[in-house]
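Okay, here's what each chain looks like letter by letter:
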Amino acid sequence: MKASTIWDNRWVRRLAAAVFWLVVWQAVSMTVPKLLFAGPAQTVQSLLSMVGDGGFWLSVAHSLGKIAGGFVLAFALGCVLAVLAYRCAFVRVMLEPAVQIMKSVPVACFVVVALIWIRSAWISVLTSLFVVFPAVYINLDEGLRSVDGKMLEMARLFRLSGGRRIRAVYLAAVMPYLLSACRVSVGMALKAGVAGEIIGLPRWSIGEQLYLSKLYLNTADLFAWSLVIIVISLALEKLLVRFAADMQRKWGQAG
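Structure report, in brief. (Residues numbered from 1 in each chain as written. Predicted model: local features only at pLDDT ≥ 70, side-chain atom pairs only at ≥ 80, totals over all residues. Heavy atoms only, no water.)

## Observations concerning the overall build of the protein
Using the following cut-off: Segments assigned H or I by DSSP are reported as helices when at least four residues long, segments assigned E as strands when at least two residues long, and all are numbered from the N terminus. The classification of residues rests on relative accessible area computed with a 1.4 Å probe and restricted to protein chains. Under 20% of the type maximum is buried, over 50% is exposed, and intermediate values are partly exposed. By definition, residues are in contact when any of their heavy atoms lie within 4.5 Å. Here, Shrake-Rupley sampling with a 1.4 Å probe gives the accessible areas, and only protein chains in the shown set may cover a residue.
Assigned secondary structure in the protein consists of 11 helices and 0 strands. Each helix and strand of the protein, placed in order from N terminus to C terminus, yields the pattern α-α-α-α-α-α-α-α-α-α-α. Out of the 255 residues in the protein, the part that is buried amounts to 35%. Long-range contacts, defined here as pairs at least 24 residues apart, represent 72% of the contacts in the protein between residues at least 6 apart. When the accessible surface of the protein is summed, it comes to about 15,300 Å², and 69% of that surface belongs to carbon and sulfur atoms.

Right, here's the structure in full:
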């Protein structure tokens with residue numbers, strides 16, 4: 001088999017990239033004191049020791065549940081308000097300043113202010129909602145405005161019911177925009193939620209564990225928790241995109 005043919009394989013390219021960065025990671029760890037920078041072996045060893053601890057799973061479950069709750073609320077609110085803005089220009093004008101502020105305000109500033117209003121235990125819910133809502137609203141709004149007027153006219157001509165019109169015309173137009181919003185906002189929600197936890201320090205959370213690792217200069221645990229966040233983010237993105245694709249396929253068949 002030719003080398004170019006092997007390189008064309010997606011998994012080979014991914015494996016090569018992973019090996020390259022593992023080598024870079026190991027090289028950096030050999031030039032920096034272990035107290036300041038843990039290598040791959042130390043990180044994996046720390047991760048394996050944490051996985052056997054019940055506190056690890058409790059922290060992951062608490063953080064993931066609250067961040068997921070904020071994501072779902074933001075997604076639902078973004079969809080409802082985007083549809084209202086599409087139907088009513090007044091709603092669009094009224095929402096525009098709020099959406100722009102949510103896009104521009106740094107997460108750390110929002111978290112500090114939010115902690116005045118709510119308990120730290122719920123900061124990750126509000127933070128993930130704050131970050132995800134603009135992405136969902138803007139993407140869905142663009143998707144709705146991209147709907148082809150000729151397709152709507154054809155739907156009226158053939159007297160399609162409201163449900164079939166939504167599936168055949170609107171969902172076909174907005175689904176790529178919603179998928180894009182999901183891909184971006186899942187990682188954003190996780191990062192913002194954990195960042196809020198690092199500041200608010202709610203009990204039994206990933207943010208609290210990251211803060212304690214930094215406080216005690218335990219870089220192996222710090223890197224292990226960072227690795228956990230990356231894996232969760234990638235897994236959730238894949239699951240969400242697959243779920244959305246399956247729903248799109250079912251709606252297409254139903255239409």
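## Focus on the side chain of Ser-185
What counts, and what does not: Polar contacts, as counted here, are pairs of nitrogen or oxygen atoms within 3.5 Å of one another; within protein the pair requires one atom able to donate a hydrogen and one able to accept it, and residues that are adjacent in sequence qualify only if both atoms are side-chain atoms.
By secondary structure assignment, the location of Ser-185 is in helix α9 (residues 162-200). Ser-185 gets classed as buried once you look at its relative accessible area, which sits at 1%. Among the polar contacts made by the side chain of Ser-185, one reaches the main-chain carbonyl oxygen of Ala-181 at a distance of 2.5 Å. Contacts of Ser-185, omitting those with residues within four sequence positions, involve Phe-71, Val-132 and Ala-135.

## Observations concerning the side chain of Thr-219
In this structure, Thr-219 sits in helix α11 (residues 219-254). Under the relative-accessibility criterion, Thr-219 is labelled buried at 10%. A distance of 3.0 Å separates a polar atom in the side chain of Thr-219 from the backbone oxygen of Lys-34. In contact with Thr-219, other than residues within four places in its own chain, are Lys-34, Leu-35, Leu-36, Phe-37 and Ala-38.

## Details of helix α3 (residues 40-51)
The criterion, for reference: In a helix, the anticipated span is given by 1.5 Å times the number of residues less one. As used here, the arc belongs to the directions running from the helix axis to the C-beta atoms.
Along its 12 residues, α3 runs 16 Å from first to last C-alpha, staying within 8% of the 16 Å computed at 1.5 Å per residue. When we look at burial in α3, the residues that qualify are Pro-40, Thr-43, Ser-46, Leu-47 and Met-50. Here the buried residues of α3 occupy an arc of 130 degrees about the axis, which is enough to place them on one side. Seen from the buried face of α3, the exposed residues on the opposite side, beyond 90 degrees, are Ala-41, Gln-45 and Leu-48.

## Let's talk about the environment of Ile-232
With respect to the helices, strands and loops of the structure, Ile-232 is situated in helix α11. Note on Ile-232: relative accessible area 14%, which makes it buried.

## As for the pattern of salt bridges
Applied cut-off: Only one rule defines a salt bridge in this text: a Lys or Arg side-chain nitrogen within 4 Å of an Asp or Glu carboxyl oxygen.
Throughout the structure, instances matching the rule amount to 3 salt bridges. We note a salt bridge from Asp-141 to Arg-92, for which the minimum N-O separation is 2.7 Å. Here Asp-141 is found in helix α7 (residues 123-145), whereas its partner Arg-92 is found in helix α5 (residues 89-104), with 49 residues between them in sequence. For Asp-141, a relative accessible area of 6% corresponds to the buried category. Across the pair Glu-208 and Arg-203 runs a salt bridge whose closest N-O atoms are separated by 3.4 Å.

## Some remarks on the nonpolar core
Formally: Side-chain atoms within 4.5 Å link the members of a nonpolar core, which is a set of buried Ala, Val, Leu, Ile, Met, Phe, Trp, Tyr and Cys residues.
With 42 residues, the main nonpolar core has Val-60, Phe-133, Tyr-137, Leu-140, Ile-206, Trp-225 and Val-228 as its most contacted residues. At the level of elements, α3, α4 (54-87), α5, α6 (107-117), α7, α9, α10 (206-215) and α11 are the ones that each hand at least two residues to this core. Tallying contributions element by element places α7 first for this core, with 10 residues.

## Remarks on the environment of Glu-142
Within the element layout of this structure, Glu-142 appears in helix α7. Separated by 31 residues in sequence, Glu-142 and Ala-173 have C-alpha atoms that sit 9.7 Å apart.

## Quick look at the packing of aromatic side chains
Aromatic ring pairs are defined here through the distance separating the ring centres and the angle between the ring planes. How we decide: Stacked, tilted and edge-to-face are the three classes assigned to paired rings of Phe, Tyr and Trp, where Trp is represented by its six-membered ring and a pair needs centres within 6.5 Å; plane angles under 30 degrees give stacked, over 60 edge-to-face, the rest tilted. Any Lys NZ or Arg CZ found within 6 Å of a ring centre and within 35 degrees of that ring's normal is scored as a charge over the ring.
Tallied over the entire structure, the rule returns 8 aromatic pairs. With a centroid separation of 5.1 Å and 90 degrees between ring planes, the pair formed by Phe-37 and Phe-223 is classed as edge-to-face. Of this pair, Phe-37 sits in the loop between α2 (10-31) and α3 while Phe-223 sits in helix α11, placing them 186 residues apart in sequence. The rings of Trp-25, Phe-37 and Phe-223 are connected pair by pair, giving a single aromatic cluster. Between the NZ or CZ atom of Lys-66 and the centre of the ring of Trp-122, over which it lies, the distance is 5.2 Å. Across from the ring centre of Trp-204, 4.4 Å away, lies the NZ or CZ of Arg-203, which sits over that ring.

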